[in-house]
Amino acid sequence: MASEFQRSKIAGVFDAMDADGDGFLREADFSALADRWTAIRGVAPGSADHTRLTSIMMGWWATLLAGSDLDRDNNVTLDEVLKTVDQLAGMSHTVTGTAEAMFEATDENGDGRISPAEYNQLIEAWNGCATDTDEIFPLLDLDGDGYLSRDEFVRLWTQFWVGDDPGVPGTWVFGRFELPTPHGR
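A few points on the structure.

What counts and how
- Residues numbered from 1 in each chain as written.
- Predicted model: local features only at pLDDT ≥ 70, side-chain atom pairs only at ≥ 80, totals over all residues.
- Heavy atoms only, no water.
- Phe/Tyr/Trp six-rings, centres within 6.5 Å; stacked < 30°, edge-to-face > 60°.
- Helix = DSSP H or I, 4+ residues; strand = E, 2+ residues; numbered from the N terminus.
- Buried < 20%, exposed > 50% of the residue type's maximum accessible area, 1.4 Å probe, protein only.
- Salt bridge = Lys/Arg side-chain N within 4 Å of Asp/Glu carboxyl O.
- Contact = heavy atoms within 4.5 Å.
- Polar contact = N/O pair within 3.5 Å; in protein donor to acceptor, adjacent residues only side chain to side chain.

1. Some thoughts on the packing of aromatic side chains
For the coordinates displayed, the defined rule picks out 14 aromatic pairs. When the centroid spacing of 5.3 Å and the interplanar angle of 40° are considered together, the rings of Phe 30 and Trp 61 count as tilted. Residue Phe 30 is located in helix 2 (residues 27-41), and its partner Trp 61 is located in helix 3 (residues 48-68); the two are separated by 31 residues in the primary sequence. When the centroid spacing of 5.9 Å and the interplanar angle of 85° are considered together, the rings of Trp 161 and Phe 174 count as edge-to-face. Of this pair, Trp 161 sits in helix 8 (residues 150-162) while Phe 174 sits in the segment after helix 8, and the two are 13 residues apart along the sequence. Of the two residues, Trp 161 and Phe 174, neither departs from the other in class, the shared state being buried.

2. A few points about the pattern of salt bridges
Counted by the stated rule, this structure contains 8 salt bridges. With a shortest N-O distance of 3.6 Å, Glu 108 and Arg 41 are connected by a salt bridge. Of this pair, Glu 108 sits in the loop between helix 5 (92-106) and strand 1 (113-114) while Arg 41 sits in helix 2; the two residues are 67 residues apart in sequence, bridging distant segments of the chain. Classification of Glu 108 by relative accessible area gives partly exposed; the value is 36%. By relative accessible area, which is 10% here, Arg 41 ends up buried. Residues Arg 52 and Asp 49 are paired through a salt bridge, measuring 2.8 Å at the closest nitrogen-oxygen approach. Of this pair, Arg 52 and Asp 49 are both found in helix 3, 3 residues apart, which corresponds to roughly one turn of the helix. Relative accessible area serves as the criterion here: at 28%, Arg 52 is assigned to the partly exposed category.

3. Quick look at the environment of Gly 175
With respect to the secondary-structure elements, Gly 175 resides in the segment after helix 8. Counting along the chain gives 32 residues from Gly 175 to Asp 143, while the straight-line C-alpha distance between them is 19 Å. The contacts of Gly 175, once residues within four sequence positions are left out, are Tyr 119, Ile 123 and Ile 136.

4. Observations regarding the side chain of Thr 106
If you trace the backbone, Thr 106 turns up in helix 5. Only 2.7 Å separates the side chain of Thr 106 from the backbone oxygen of Met 102, close enough to count as a polar contact.

Dropping the structure here:
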């Protein structure tokens with residue numbers, strides 16, 4: 001069962017992906033996410049980059065739908081996502097595969113690393129608005145070289161989706177959010 005911390009961080013990502021704010025993730029929400037990302041990049045419909053980004057987002061939708069839509073109504077609720085998150089520790093290939101796909105999508109210039117500007121595009125695509133990531137990126141840059149390598153990104157992505165420790169850098173892979181306060185404080 002997801003902890004309060006896990007629920008908080010996953011709910012933030014869920015809400016950002018829920019483009020129409022109806023409490024469900026649907027194919028249209030992932031299309032909207034792909035549209036935001038391609039707009040931020042300024043890529044034309046039909047271009048190779050547009051097709052690649054859209055394919056990655058829609059592939060993530062297909063994976064999420066197959067693994068989370070427990071009642072098979074083509075809608076995914078936050079509770080369904082959280083039930084899936086509870087199982088991710090035993091599904092390392094799925095987590096790594098999603099991380100690899102997101103790394104490919106984020107690495108705009110294909111140089112094998114994510115720059116601060118590329119990371120900012122990722123977060124602004126999720127949030128749908130301008131977002132300052134200058135304080136977050138250094139927390140994610142585990143080796144301090146100014147970039148996120150593929151290995152760093154996979155590690156951070158895994159920490160976010162599988163982890164339950166607010167102290168790990170992967171907590172912030174989707175940007176800043178309010179940590180839940182411990183009970184009794």
